[in-house]
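Understanding the architecture of this molecule
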Amino acid sequence: MRNQGTDSPPSTVYAAFNNYRAQDRTMTVWPFGDHGGGCGSNPPVQLSWLRERGLRPEL
């Protein structure tokens, strides 16, 4: 399988996502993020997601 990770193989991540039945779910694919998954560029998206739900992170 192409781009097969060693810590979180794509097949297991997609299987878990597809079985998670919440109405509010999102998956972002970071093709070159390795195990970190784009963490350096994701905080604005994460903070926006929290704000939309009336939540405030403790910084």
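Look up: the structure comes first, before these words.
Residues numbered from 1 in each chain as written. Predicted model: local features only at pLDDT ≥ 70, side-chain atom pairs only at ≥ 80, totals over all residues. Heavy atoms only, no water.

**Considering the overall build of the protein chain**
Each helix and strand in the protein chain was counted, giving 2 helices and 0 strands. Put simply, the protein chain has 59 residues, and 5% of those count as buried. Counting only carbon and sulfur atoms, one obtains 55% of the accessible surface of the protein chain, whose full area is about 5,400 Å². (Helix = DSSP H or I, 4+ residues; strand = E, 2+ residues; numbered from the N terminus. Buried < 20%, exposed > 50% of the residue type's maximum accessible area, 1.4 Å probe, protein only. Areas by Shrake-Rupley, 256 points an atom, 1.4 Å probe, with all protein chains shown as cover.)

**Quick notes on the packing of aromatic side chains**
Taken as a whole and assessed by the stated rule, the structure comprises 0 aromatic pairs. One residue, R25, lies across the ring of F17, its end atom 4.2 Å from the ring centre. (Phe/Tyr/Trp six-rings, centres within 6.5 Å; stacked < 30°, edge-to-face > 60°. Lys NZ or Arg CZ within 6 Å of the ring centre and 35° of its normal.)

**A look at the environment of R53**
Position of R53 among the secondary structure elements: in the segment after α2 (43-52). We classify R53 as partly exposed; its relative accessible area is 31%. Reaching out from R53, the side chain makes a polar contact with the side chain of D24 at a distance of 2.6 Å. (Polar contact = N/O pair within 3.5 Å; in protein donor to acceptor, adjacent residues only side chain to side chain.)

**Notes on the environment of Y14**
If you trace the backbone, Y14 turns up in helix α1 (residues 10-19). Judged by its relative accessible area of 37%, Y14 falls in the partly exposed class. Put simply, Y14 and M27 are 13 residues apart on the chain and 8.9 Å apart in space, counted from C-alpha to C-alpha. Excluding anything up to four places from it in sequence, Y14 contacts M27 and V29. (Contact = heavy atoms within 4.5 Å.)

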